[in-house]
Amino acid sequence: MDEDAVRQIEAMPKVELHLHLEGAAPPDFISRLAAEKREDISRIFRRDGSYAFEGFVHFLKVYEAATGVLRRPEDYARLARAVGEELAANDVIYCETFLSPDFCGGGDVDAWRDYLAAMEEAAAEVERDLGVTLRFVVTCVRHLGPERARKSALCAAETAGRRLVGFGMAGDENAFEQKDFAWAFDCAREAGLRLTSHAGEWRGPEEVRAALDHLRVERIGHGVRSVEDPALVDRLVENGICLEVCPGSNVALGVYPRLAAHPIETLRDRGVRVSVSTDDPPFFHTSMRAEYRGLARTFGWESEVFGELARASLDAAFCDEETRARIAKRLTGERP
Ligand SMILES: O=c1[nH]cnc2c1ncn2[C@@H]1O[C@H](CO)[C@@H](O)[C@H]1O
């Protein structure tokens, strides 16, 4: 594909469904905040200023160390504004970000309300000033266990609304089982929240089945290893389950050795609804523009494919219908 075509593809309007808010924090944002608080977290950075980690488990530790400097609602509001700027620079017009009451108030509902209010205000500014519509999905953290997940679900249920639209689970897939979190997901569902869970990133297709069976989610975070089980792929297609695929993250963490070996093309060919996201972009040296560029160059996807991808992502978004219609117009180039 010629470079002009790639440049046009890169600049297309985008919908991103899988972005961890703290994981999107630029390293210089975190190091500045640490300096303001006179904390030394230099161990989590390489000399070139990027985040330093080796492998998934270490990544989770560095993630939590970086998150440790975010301690007040105002810190999170600043972060949401910084992430909004990155999204705007990548032509993302709609994004769902994961928020964790575990980090924002330690699972206490009143403290969480203050954090959420600050982030909602920041999101309104980002929408007004940068044209990026943000929606929030509360995530529990799997390796912190089902008790903490209950608290997160209660926080989410108490504050569900126009901006907080979903509930999910992230974290270490090797800790506990999906079914251990059924109470949290039931609680969130009863509050009207839409559901997604990380599965099939590290563990195999059985994890994706467990998320569908026990947590009754309608989207799967990653889910790429579903490709190993044709019957599961059929089920994803039949039930219109959307996979929140993060190719750059999977390559950076070694789930696949390189983009050409990534199953996104096969999953799409089989008719699975896939979306494309960055997960934790500065950690994985990626961005939505870089993801689009990589997919165009590696798989030869033309602009029509990216147009379909954005539309399929928007169809799987957890926002209300009025918002979906407004974003759909912007995807086709109409001004709101
Ligand atoms: O790629 C990922 N896979 C699984 N869990 C992740 C990934 N990136 C971040 N988190 C987890 O998400 C939580 C906050 O939303 C963090 O606790 C981190 O453990």
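Structure: above.
Model, not experiment: these values are computed from the prediction.

Novice: Describe unusual backbone geometry, and please don't skip the residues or the numbers.
Specialist: Phi at arginine 38 takes a positive value of approximately 55 degrees, unusual for a residue other than glycine. Its place among the elements puts arginine 38 in the loop between α2 (27–36) and α3 (55–67).

Novice: Residues and numbers for the sheet that holds strand β3 (residues 133–141), please.
Specialist: Spatial ordering of the open sheet is given by β1-β2-β3-β4-β5-β6-β7-β8, a layout of 8 strands whose pairing is parallel. Edge positions in the sheet fall to β1 (14–20) and β8 (273–276), since each of these pairs with one other strand and no more. Taken over all neighbouring pairs, the strand axes of this sheet differ in orientation by 25 degrees on average, direction set aside. Taken together, the 4 bridges between strand β7 (residues 242–245) and β8 define a ladder with parallel strand orientation. Its bridge partner lying in β8, valine 245 is registered against valine 276. The strands that helix α13 (residues 303–315) touches are β1 and β8; relative to β8, the one it contacts most, it runs at about 100 degrees.

Novice: Summarise the nonpolar core; cite the residues concerned and give the values.
Specialist: In this structure, Ile30, Tyr51, Trp112, Phe167 and Phe185 are the most contacted members of the largest nonpolar core, which totals 106 residues. Looking at which element gives the most residues to this core, the answer is α3, with 7 residues.

Novice: For α13, give the residues involved together with the corresponding values.
Specialist: Because an α-helix completes one turn every 3.6 residues, residues spaced three or four positions apart along the sequence face the same direction. Here α13 is 13 residues long and its end C-alpha atoms lie 18 Å apart, about the 18 Å a rise of 1.5 Å per residue gives. All of the buried residues along α13 are Val305, Phe306, Leu309, Ala310, Ser313 and Leu314. On its buried side, α13 packs onto α1 (3–10), β1, α11 (264–269), β8, α12 (288–299) and α14 (321–331).

Novice: Go over the pairing of strand β6 (residues 219–222) with me, naming the residues and quoting the values.
Specialist: In the sheet, strand β5 (residues 194–199) pairs with β6 via 4 bridges, with the strands oriented parallel. Of the residues in β6, the one forming a bridge with serine 197 is isoleucine 220. For the handedness criterion, the β-α-β arrangement of β5, helix α8 (residues 205–215) and β6 is classed as right-handed. Strand direction decides the pairing type here: β6 and β7, joined by 3 bridges, are parallel. Its bridge partner being in β7, arginine 219 is matched across the sheet by cysteine 242. After leaving β6, the chain enters helix α9 (residues 230–238) and then returns to the sheet as β7, a path that is right-handed.

Thresholds, definitions, all that
- Residues numbered from 1 in each chain as written.
- Predicted model: local features only at pLDDT ≥ 70, side-chain atom pairs only at ≥ 80, totals over all residues.
- Heavy atoms only, no water.
- Helix = DSSP H or I, 4+ residues; strand = E, 2+ residues; numbered from the N terminus.
- Pairing = 2+ DSSP bridges.
- Axes fitted to C-alpha atoms, helices over the stretch in contact; angles between N-to-C directions.
- Contact = heavy atoms within 4.5 Å.
- Core = buried A, V, L, I, M, F, W, Y, C linked by side-chain atoms within 4.5 Å.
- Buried < 20%, exposed > 50% of the residue type's maximum accessible area, 1.4 Å probe, protein only.
- Expected span 1.5 Å × (residues − 1).
- Right-handed = clockwise from strand over helix to strand, strands pointing away.

Don't take any of this as a statement about function, it's just geometry.
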